[in-house]
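One letter stands for each residue in the lines below.
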Amino acid sequence: QANHDAAAHSPMLQPNNPSDADVPIEMPPASHQVLEDSSEVWFWRVVMLLCSWLHLQYHVPYRACTLILQVMRLIFITVGLLTRDSDAPITLLTSLHRLQLRDNFEIKAMCISCCQVYDGNSDTTLQCSTCNIPLFKSTSTNAPPEPAPDTADTSDQPAKPPLHANVKTSVPRLQTPYSLLSAQLPEYVVRLERSLDAWREWEPTPDGELRSVQDGKLWKTLPGPDGVPFFDNQPGRANPDELRIGVTLGFDGYQSRNLILCCLTPGPKELTADELQHFMKAYVDDLLQLYNEGILVKTPLHPNGEST
């Protein structure tokens, strides 16, 4: 159900308050605005984008990208294009933070036996409620910590490398990236608001012809939570501004641009049918919440919130 609003629910992991469905989700910032706010120096934004792209596309290490930023800044200061006080971050972490290039998923802990999923921030002594198997293990790393974003990193003095430390921490024994559909919908709704509802303006398809998914029997007869067809397109329908979105869990004819990646099952082998039930529970709960309650999202066409 799409109201150009959105509500998320996942009782297994992070239960949400049902009243959250009435609270509008803020619009994600526009890309051009994020870029403009990333630095006061226009050409330094290009440098930040370049280093971020080198890291994300070609896996250039953090330290190499940070070195590029530091050297470029010294060159620009030498030729008089920057000053020591210019807003020009010199660490990759700060650049990624300023450009809002963050992971759009959470890491969840999974039981190594039954594959039930738990919050990755759970107590490290937590055991699987079904198998009584510890979900976390202790590990150590010699990797130096990354500096916190938005710290005073604009000095022209070379950054001193942090000392290596043998730090012990706890991590899930088996982990999986997780991102519920309700958490991703706002970004898609804001960008595709007009096209998602464009089917309502199409000319009727002649009888006996099937030109799109909207011509199928399921699309026309699928009941909504109120008993009325979910994709009702009658002029006098209730809540005409509500956006209704159809999604499929698997379809061979998709285009990559229309694919919403919500999760990855951990290897080294595929989950069995029983194991997949545990893995999919949160997604099914989320879909049911979207179907029954929807979510409210602020969009350019509906700045006060559109139900989805």
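Everything numeric here is computed off the predicted structure, so don't read it as measured data.

Rules of the game
Residues numbered from 1 in each chain as written. Predicted model: local features only at pLDDT ≥ 70, side-chain atom pairs only at ≥ 80, totals over all residues. Heavy atoms only, no water. Pairing = 2+ DSSP bridges. Helix = DSSP H or I, 4+ residues; strand = E, 2+ residues; numbered from the N terminus. Contact = heavy atoms within 4.5 Å. Axes fitted to C-alpha atoms, helices over the stretch in contact; angles between N-to-C directions. pLDDT = per-residue confidence, 0-100. Expected span 1.5 Å × (residues − 1). Buried < 20%, exposed > 50% of the residue type's maximum accessible area, 1.4 Å probe, protein only. Patch = residues over 30% accessible without salt bridge, like charges linked within 9 Å, V, L, I, M, F, W, Y side chains within 5 Å. Areas by Shrake-Rupley, 256 points an atom, 1.4 Å probe, with all protein chains shown as cover. Salt bridge = Lys/Arg side-chain N within 4 Å of Asp/Glu carboxyl O.

*Asks:* I'd like a rundown of the sheet that holds strand S1 (residues 106-110), residues and numbers included.
*Replies:* Reading across from one edge, S2-S1-S5 is the order of the three strands in this open sheet, with antiparallel pairing throughout. Edge strands, defined here as strands with exactly one partner in the open sheet, are strand S2 (117-118) and strand S5 (175-178). Taken strand by strand, helix H7 (residues 273-292) contacts S1, S2 and S5, and its axis lies near 25 degrees from that of S5.

*Asks:* So what's going on with the confidence of the model for the protein chain? Which residues, and what values?
*Replies:* The predicted coordinates of low-pLDDT regions are not to be read in fine detail. Scored by pLDDT, the protein chain comes out at a mean of 82, with 82% of its residues at no less than 70. When the criterion is pLDDT under 50, residues 1-19 qualifies, and its contacts beyond four places in sequence or with other chains add up to 90 contacts. Scored below 50 in pLDDT, residues 154-159 shows twelve contacts in the model against residues more than four places distant or in partner chains.

*Asks:* Kindly report on the pairing of S1, identifying the contributing residues and their values.
*Replies:* Judged from the four bridges that link them, S1 and S5 form a sheet pairing that is antiparallel. Bridge pairing in S5 links glutamate 106 to tyrosine 178. Relative to S2, S1 runs antiparallel, the two sharing two bridges. Pairing of alanine 109 across the sheet is with tyrosine 118, part of S2. Where S1 folds back onto S2 in an antiparallel hairpin, the turn is made up of six residues, including cysteine 115, whose phi is positive at roughly 70 degrees.

*Asks:* An account of unusual backbone geometry is needed here, citing residue identities and associated values.
*Replies:* Geometrically, the link from glycine 267 to proline 268 is a cis peptide bond, its omega value of 5 degrees lying close to zero. Position of proline 268 among the secondary structure elements: in the loop between helix H6 (217-221) and H7. The backbone phi angle of histidine 59 is positive, close to 60 degrees, even though this residue is not glycine. With respect to the helices and strands, the residue histidine 59 is situated in the loop between helix H2 (42-58) and helix H3 (62-78). Here asparagine 132, not a glycine, exhibits a phi torsion of approximately 55 degrees, which is positive. Relative to the helices and strands, asparagine 132 resides in the loop between S2 and strand S3 (136-141).

*Asks:* Tell me about H2, residues and numbers included.
*Replies:* Taking 1.5 Å of rise per residue, the 17 residues of H2 would be expected to cover 24 Å, and the 24 Å separating its terminal C-alpha atoms lies within 8% of that figure. Among all positions of H2, only Phe43, Trp44, Arg45, Val47, Met48, Cys51, Ser52, Leu54 and His55 are buried. Of the surrounding secondary structure, the elements contacted by the buried residues of H2 are helix H1 (31-38), H3 and helix H4 (92-98). One or two steps after H2, the chain reaches histidine 59, where phi turns positive at roughly 60 degrees.

*Asks:* Could you give an account of a nonpolar patch on the surface, with specific residues and numbers?
*Replies:* On the surface, a cluster of nonpolar side chains totalling about 450 Å² of accessible area is made up of Leu67, Val71, Ile75, Val79 and Leu81. Among the secondary structure elements, leucine 81 is positioned in the loop between H3 and H4.

*Asks:* Kindly report on the pattern of salt bridges, identifying the contributing residues and their values.
*Replies:* Taken as a whole, this structure holds six salt bridges when the rule is applied. For aspartate 197, the salt bridge goes to arginine 200, with nearest N and O atoms at 3.3 Å. Judged by relative accessible area, which is 18%, aspartate 197 ranks as buried. Given the relative accessible area of 10%, arginine 200 is considered buried. A salt bridge links glutamate 209 to arginine 211; the shortest N-O distance between them is 2.8 Å. Residue glutamate 209 is classed as partly exposed on the basis of its relative accessible area of 36%.

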